[in-house]
Amino acid sequence: MDKAAVAVLFGGRSSEHSISSATAGGVLRAIDRERYRVIPIGITREGAYVLEDDEPDKFSLDPAHLPEVVDNGTRVIWPDSAASRELRVRDADGERSLGEVDVVFPILHGRFGEDGTIQGFLELLDLPYVGAGLLMSAIGMDKHTTKSVLKAAGVPVVPWVTVTRRDLARDRDLWLRRIRALDLPLFVKPARAGSSVGVSKVSDLGELDAALETAFAEDGTVLVEQAVVGREIECGVLAARDGGLPRVSVAGEIVLDGREFYDFEAKYLDVPGVALTCPADLGDGELAEMQRIAARAFEAIGGEGLARVDFFYTGTEFFVNELNTMPGFTPISMFPKCWIASGMTYPELITELIEIARAA
């Protein structure tokens with residue numbers, strides 16, 4: 001049997017470029033080479049598509065090394081119409097074929113990749129791809145839209161105020177009053193960024209202006225959310241291949257010791273003061289309720305591919321904080337940990353994601 005060709009797409013123009021590259025390193029290391037032929041395609045920070053090295057160690061993540069896709073002079077050429085699935089590459093020696101691609105695995109976090117842009121591009125070319133479709137990706141990337149959709153679907157969400165620079169310029173006092181109506185502490189975060197980039201915790205209103213500026217540096221729209229005192233619980237969701245009900249993993253828990261919140265360093269650099277416990281200590285009824293809400297939230301925003309659903313659990317109620325439609329796959333990331341604890345190996349998880357895309 002011929003191997004299916006998987007184009008692994010990573011890097012990109014967002015502030016999460018390095019995290020995308022590190023996730024790709026994990027996928028390149030674990031993907032089933034007996035089953036798939038891999039075409040690694042990096043996207044530079046300037047948006048050039050380059051044929052990358054198939055070397056997982058090149059994209060390892062540690063505090064001293066944030067992996068980067070650099071412009072090596074190659075250019076990947078996408079099909080010129082939906083009638084072809086052939087990829088080509090141009091380099092110093094000329095142009096050659098990379099063969100036909102069966103599925104694209106866009107391991108892209110943040111804007112210009114996780115937000116529906118690359119999904120629309122691939123749909124124009126009629127290329128199957130892993131993960132959420134255009135609309136679900138766009139909804140999941142925008143925190144305000146996600147929360148609005150979830151609230152309309154009856155999914156519990158944390159109280160919030162969404163504000164833009166234009167809003168503050170027009171009537172600053174009005175918007176500050178709305179923000180102050182939320183109980184402290186607050187979380188201030190860009191509407192369209194992930195990996196906790198641009199996120200600040202505000203325990204005193206004197207810290208609000210600086211937090212807003214940090215978030216506005218990432219996006220012109222910012223959410224101010226009321227913090228919930230409770231446990232931070234996460235789980236993974238996978239779409240079914242046969243159109244059945246989504247599958248939800250066991251729960252994982254983020255346990256912080258001396259850190260204000262689960263920030264970028266805690267998520268990716270394995271720093272002290274944070275532990276990911278999986279499975280989390282939940283009763284059977286609590287786990288069933290979390291899984292029910294996670295499945296409902298996943299279906300509310302589109303129900304395609306995969307998602308990590310993040311909760312605050314007060315002990316009596318699960319509040320959905322966010323849905324991430326392309327969660328990290330680094331060795332210490334929660335999404336693979338939850339599925340491994342549910343009985344699926346890391347390579348099996350990658351295979352399942354690819355096969356969901358091929359069956360769609």
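As the structure is a prediction and not an experimental result, all values here were calculated from the model.

Moving on: the domain arrangement of the protein. What the domain assignment reports for the protein is domain 1 (4–129), domain 2 (138–156 + 229–359) and domain 3 (160–226). Once you take the C-alpha centre of each, domain 1 and domain 3 turn out to be 34 Å apart. Taken residue by residue, the interface counts 4 residues in domain 1 and 6 residues in domain 3. Surface buried jointly by domain 1 and domain 3 totals about 400 Å² across both partners, of which 41% is contributed by carbon and sulfur atoms. At the surface where domain 1 touches domain 3, the tally comes to 0 salt bridges. The interface formed by domain 1 and domain 3 contains 1 residue pair in polar contact (both at pLDDT 80 or more). Here the residues of the side of domain 1 that touches domain 3 sort into 1 nonpolar, 1 polar and 2 charged.

A few words on the UniProt feature "binding site: Mg(2+) 2" (unreviewed entry) in the protein. The UniProt record annotates "binding site: Mg(2+) 2" (unreviewed entry) at Glu 322 and Asn 324. The topology assignment puts Glu 322 in strand β17 (residues 318–324). Aside from chain neighbours lying at most four places away, what touches Glu 322 is Lys 143, Lys 189, Arg 308, Val 309 and Asp 310. Here Asn 324 is to be found in strand β17. We classify Asn 324 as buried; its relative accessible area is 16%. Setting aside residues no more than four positions away along its own chain, Asn 324 makes contact with Glu 114, Leu 306, Ala 307 and Arg 308.

Next up on the list: the side chain of Asp 142. With respect to the helices, strands and loops of the structure, Asp 142 is situated in the loop between α3 (134–141) and α4 (143–152). Buried charged residue Asp 142 carries no salt bridge. Nearest counter-charge: Arg 192, at 4.0 Å. Here His 144 takes part through its backbone nitrogen, which lies 3.1 Å from a polar atom of the side chain of Asp 142. Non-local contacts of Asp 142, meaning those with residues more than four positions away in its chain, are made with Ala 191 and Arg 192.

On to the sheet that holds strand β11 (residues 221–226). With respect to topology, 4 strands assemble into an open sheet ordered β8-β11-β9-β10, the strand pairing being antiparallel. The open sheet has two free edges, formed respectively by β8 (160–164) and β10 (200–202), since each of these has just one partner strand. Strand-to-strand twist in this sheet, taken as the mean axis angle between neighbours without regard to direction, amounts to 25°. Here strand β9 (residues 186–190) runs beside β10; their pairing, made up of 3 bridges, is antiparallel. Bridge pairing in β10 places Leu 186 opposite Val 202.

Attention now goes to the nonpolar core. Generally speaking, a soluble globular protein has its nonpolar side chains buried in company with each other. Counting residues in each nonpolar core, the largest one holds 33 residues, and the members touching the most others are Val 8, Phe 105, Leu 238, Phe 329 and Ile 354. Within the residue set of this core, elements represented by two or more residues are β1 (4–11), α1 (17–30), β2 (36–43), β7 (103–107), α9 (334–341) and α10 (346–359). Take this core: its biggest share by element is 7 residues, from α10. Taken domain by domain, this core gets at least three of its residues from each of domain 1 (4–129) and domain 2 (138–156 + 229–359). Sequence-distant contacts of Val 8, defined by excluding residues within four places in its chain, comprise Ala 24, Leu 28, Val 38, Ile 39, Pro 40, Ile 41, Phe 105 and Ile 107.

Here we take up unusual backbone geometry. Put simply, Leu 184 and Pro 185 share a cis peptide bond, and its omega is -5°. Within the secondary structure, Pro 185 is located in the loop between α5 (165–180) and β9. Here the bond from Cys 278 into Pro 279 is cis, since omega is 5°, no more than 30 degrees from zero. As for its position among the elements, Pro 279 is in the loop between β15 (274–277) and α8 (284–300). You will see that Phe 112, though not glycine, has its phi angle at about 65°, which is positive. Structurally, Phe 112 is set in the loop between β7 and α2 (117–124). The phi torsion at Asp 126 lies on the positive side, around 60°, for a residue other than glycine.

For the structure on display, the rule yields 23 salt bridges. A salt bridge links Asp 71 to Arg 75, with the shortest nitrogen-to-oxygen separation between them at 2.9 Å. Looking at Asp 71, the relative accessible area reads 44%, which means it is partly exposed. For Arg 358, the salt bridge identified is with Glu 355, shortest N-O distance 3.5 Å. On the criterion of helical spacing, the pair formed by Arg 358 and Glu 355 is a turn pair, its members being 3 residues apart in helix α10. The partly exposed category is assigned to Arg 358, whose relative accessible area is 40%. Linked by salt bridges that have partners in common, Lys 147, Lys 189, Glu 225 and Glu 322 make up one network.

Definitions and limits used
- Residues numbered from 1 in each chain as written.
- Predicted model: local features only at pLDDT ≥ 70, side-chain atom pairs only at ≥ 80, totals over all residues.
- Heavy atoms only, no water.
- Domains from an automatic or database assignment.
- Contact = heavy atoms within 4.5 Å.
- Buried area = accessible area lost by both parts, 1.4 Å probe.
- Salt bridge = Lys/Arg side-chain N within 4 Å of Asp/Glu carboxyl O.
- Polar contact = N/O pair within 3.5 Å; in protein donor to acceptor, adjacent residues only side chain to side chain.
- Nonpolar A, V, L, I, M, F, W, Y, C, P; charged D, E, K, R; others polar.
- UniProt positions renumbered as here; feature names shortened; annotations may be inferred.
- Helix = DSSP H or I, 4+ residues; strand = E, 2+ residues; numbered from the N terminus.
- Buried < 20%, exposed > 50% of the residue type's maximum accessible area, 1.4 Å probe, protein only.
- Lys, Arg positive; Asp, Glu negative; His and termini not counted.
- Pairing = 2+ DSSP bridges.
- Axes fitted to C-alpha atoms, helices over the stretch in contact; angles between N-to-C directions.
- Core = buried A, V, L, I, M, F, W, Y, C linked by side-chain atoms within 4.5 Å.

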